[in-house]
Amino acid sequence: MNGQSVNEPKLLLPSRSVGAATLEQLQDWLQFTFRVENQVAGFRTGILAELTRREGVHLTENNLRETGLRPRGKARSELETAVELQKLPKTSEGLRDGEIPYDNARILARAKKRGEIDETELVDKARTQSPDKFAGTVRKYEQQRSTDDGMSRLEHQRSRRFAKIRTAKDDGMTVLYGRFDPITGALLETALSQKMDELWREEDPRARCTPGQRMADALAGLVTREDTDEDGKRPRGPRLLLIADYDVVSRELRNGRLGDGTPIPVEKIRDLACQSDILPAIFRGVSQPLDLGRSRRTASPAQRIALVARDKACVGCGATANWCQSHHIIPWAVQGNTDLDDMVLLCSRCHHKVHDDHWQVRRKPTGKYYLKPPLKHNRPTATRRNPTHRQRRSPFKQRK
């Protein structure tokens, strides 16, 4: 304008207020914001890549931090993603068109940085999967293409492990955080969930801790405990669920993975057996019946293993299996059976949706279970609940 650059972009928005919009308009507008957000991210990655080519990494990163007010770590991550996306033309095009979310584009960019990938094979899934699911898809893809069953990837992840402890300046609280390879992370999560369950059982039901407080207490208890228990024995290691397929032709285990589906090298299974109680996934074995009918009200240990192996997480929101309960699709009280096909994993929050808010467990043609919200005219009117209602049940105990 008048020979000068104007950095004041304008976005044309609907003139109607959100309060006056129909439900269909609100849904369309929400989808519109997602698409615009992706398009802007795609445009910015192109700008950052070109600035890097002209001015170098350090000047561009400094520019991003000063003009975009980005933290150092976020600025560096955005810059690395922008550079790698130049090697992924189909992903970059999908991002600029608003069809691929930025988080999925970043996942592909990082995979490209780790090694060669077939962009065509993954880009369509990047358009349709959430970042959480797509990250798992890419991990499985890399594992399958690995020539060493993913051992080099696991070693690389382990080389990047770190943990920090510091004192917060504002309130003097101690802050602890870290990053771990998937196997170590699964062991930590399993040990914490078991300790949290123990603490929940010891608590006064009238004065429950929050889940965050209970996890902090569990972590402190595990880190500061003695090497032996009251009987002079070493505490038992966490019970870790490992899954592998047995190839009857080669008589070898293949496709090793954790309970949530995270792929791991089969070679590591032997090492883990020395550290933890290994729970193998056995489906319909003679000694482990998984269809118990009405002979038992709660899921057996074998059924619990099979549920985790099948569902991997809460079928409603994807919460980790360690925080889930076994839920009867057809309630026991109305002649439901304790069979594997009649049970799913649900976290406490999604369990309340089913029992209190009339959500329904449904099954897709692929066999995957999911939660379906109630129809609008069938949704219950919001009522004030007893504030202690959600604290009466253990997040690890089954709810019938």
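Residues numbered from 1 in each chain as written. Predicted model: local features only at pLDDT ≥ 70, side-chain atom pairs only at ≥ 80, totals over all residues. Heavy atoms only, no water.

Visitor: Give a description of the environment of Pro373 that names residues and reports values.
Guide: Among the secondary structure elements, Pro373 is positioned in the segment after strand E9 (369–372). Take Pro373: its relative accessible area is 36%, and that puts it in the partly exposed class. Placed 14 residues apart in sequence, Pro373 and Trp359 show a C-alpha to C-alpha distance of 4.7 Å. (Helix = DSSP H or I, 4+ residues; strand = E, 2+ residues; numbered from the N terminus. Buried < 20%, exposed > 50% of the residue type's maximum accessible area, 1.4 Å probe, protein only.)

Visitor: An account of helix H13 (residues 348–357) is needed here, citing residue identities and associated values.
Guide: Buried within H13 are the following residues: Cys350, His351, His352, Lys353 and Val354. Within two residues after H13, His358 carries a phi angle of roughly 70°, on the positive side.

Visitor: Kindly report on the confidence of the model for the chain, identifying the contributing residues and their values.
Guide: Taken residue by residue, the chain gives an average pLDDT of 80. The fraction at 70 or more is 80%. Long-range and interchain partners of residues 282–287, a stretch whose pLDDT sits below 50, account for 8 contacts in this model, where long-range means more than four residues apart. pLDDT under 50 marks residues 382–400. Its contacts with residues more than four places away, or in other chains, come to 44 contacts. (pLDDT = per-residue confidence, 0-100. Contact = heavy atoms within 4.5 Å.)

Visitor: Can you lay out the side chain of Thr338 for me, pointing to particular residues and giving the numbers?
Guide: Structurally, Thr338 is set in the loop between strand E6 (324–328) and strand E7 (343–347). When its relative accessible area of 0% is taken as the criterion, Thr338 is described as buried. A polar side-chain atom of Thr338 sits 3.1 Å from a polar atom in the side chain of His328. (Polar contact = N/O pair within 3.5 Å; in protein donor to acceptor, adjacent residues only side chain to side chain.)

Visitor: So what about the nonpolar core? Which residues, and what values?
Guide: Counting 23 residues, the largest nonpolar core has Cys314, Val344, Leu345, Leu346, Cys350, Val361 and Leu371 as its most contacted members. Elements with a contribution of two residues or more to this core: strand E3 (239–247), helix H12 (301–311), E7, H13 and E9. In contact with Cys350, not counting residues within four places along its chain, are Cys314, Gly316, Cys317 and Leu371. By size, the runner-up hydrophobic cluster in this structure holds 19 residues, among which are Ala41, Leu108, Ala111 and Ala126. (Core = buried A, V, L, I, M, F, W, Y, C linked by side-chain atoms within 4.5 Å.)

Visitor: Which residues make up the pattern of salt bridges, and what values do they have?
Guide: A full pass over the atoms with the stated rule returns 21 salt bridges. The shortest N-O distance in the salt bridge between Arg127 and Asp124 comes to 3.0 Å. A residue pair is termed a helical-turn pair when its members lie 3 or 4 positions apart in one helix, as Arg127 and Asp124 do in helix H6 (residues 119–128) at 3 residues. Asp197 is paired through a salt bridge with Arg201; the nearest N and O atoms lie 3.2 Å apart. With Asp197 and Arg201 both in helix H9 (residues 182–202) and 4 residues apart, this pair spans about one turn of that helix. You can call Arg201 exposed: its relative accessible area is 52%. (Salt bridge = Lys/Arg side-chain N within 4 Å of Asp/Glu carboxyl O.)

Visitor: Describe unusual backbone geometry, with residues and values.
Guide: A negative phi angle characterises most non-glycine residues, just as the trans form characterises most peptide bonds. In this model, Lys312 sits at a positive phi of 70°, which is unusual for a non-glycine residue. Mapped onto the secondary structure, Lys312 falls in the loop between H12 and E6. We classify Lys312 as partly exposed; its relative accessible area is 34%. In this model, His358 sits at a positive phi of 70°, which is unusual for a non-glycine residue. Examined against the element boundaries, His358 turns out to sit in the loop between H13 and strand E8 (360–363).

Visitor: Requested: an account of empty space enclosed by the protein, with residues and values cited.
Guide: A full pass over the atoms with the stated rule returns 3 cavities of 30 Å³ or more. A volume near 60 Å³ is recorded for the largest cavity. Looking at which element gives the most residues to the lining of the largest cavity, the answer is helix H8 (residues 151–159), with 3 residues. Across the lining of the largest cavity, the residue classes tally to 5 nonpolar, 4 polar and 2 charged. (1 Å grid on protein atoms, 1.4 Å probe; cavity = no way out; pocket = protein on both sides within 12 Å on 5 of 7 lines; lining within 4 Å. Points joined across faces, edges and corners; volume = space filled by probe spheres on them. Nonpolar A, V, L, I, M, F, W, Y, C, P; charged D, E, K, R; others polar.)

Visitor: A description of the side chain of Asn104 should follow, citing residues and the corresponding values.
Guide: For Asn104, the location among the structural elements is in helix H5 (residues 102–114). The exposure class assigned to Asn104 is buried, which follows from its relative accessible area of 0%. Of the polar contacts made by the side chain of Asn104, one reaches the backbone oxygen of Ala126; its length is 2.8 Å.

Visitor: Pulling in residues and values, what's your account of the pairing of E6?
Guide: With respect to burial, E6 is a largely interior element, 5 of its 5 residues being buried. The two faces of E6 match: Cys324, Ser326 and His328 on one face and Gln325 and His327 on the other face are all buried.

Visitor: Run through the packing of H6 against helix H7 (residues 131–145), naming residues and quoting values.
Guide: The contact between H6 and H7 brings their axes to 10 Å, and the two run at 165°. Of the possible angle classes, the one that applies to H6 and H7 is roughly antiparallel. Crossing of H6 over H7 shows right-handed handedness. Residues Glu121, Leu122, Lys125 and Ala126 of H6 form the contact with H7, whose own contacting residues are Phe134, Thr137 and Tyr141. Looking at the contact of H6 with H7 residue by residue, the classes come out as 4 nonpolar, 1 polar and 2 charged. (Axes fitted to C-alpha atoms, helices over the stretch in contact; angles between N-to-C directions. Parallel < 35°, antiparallel > 145°, perpendicular 65-115°, else oblique. Left-handed = near helix turned anticlockwise from the far one by under 90°.)

Visitor: Residue-level account of a positive patch on the surface, with values.
Guide: Positive charge collects at one region of the surface, where Lys125, Lys133, Lys140, Lys312, Lys364 and Lys368 lie side by side. As for its position among the elements, Lys140 is in helix H7. Judged by relative accessible area, which is 46%, Lys140 ranks as partly exposed. (Patch = residues over 30% accessible without salt bridge, like charges linked within 9 Å, V, L, I, M, F, W, Y side chains within 5 Å. Areas by Shrake-Rupley, 256 points an atom, 1.4 Å probe, with all protein chains shown as cover. Lys, Arg positive; Asp, Glu negative; His and termini not counted. Charge placed at Lys NZ, Arg CZ, Asp CG, Glu CD.)

Visitor: An account of the packing of helix H1 (residues 23–55) against helix H3 (residues 72–85) is requested, with residue identities and associated values reported.
Guide: Packing of H1 against H3 brings their axes to within 8 Å, and their N-to-C directions diverge by 90°. In this view, H1 runs roughly perpendicular relative to H3, as classed from their interaxial angle. Two secondary-structure elements touch here, H1 through Arg44, Thr45, Leu48, Ala49 and Thr52 and H3 through Glu78, Leu79, Ala82, Val83 and Leu85. For the contact of H1 with H3, the residue count by class is 6 nonpolar, 2 polar and 2 charged.

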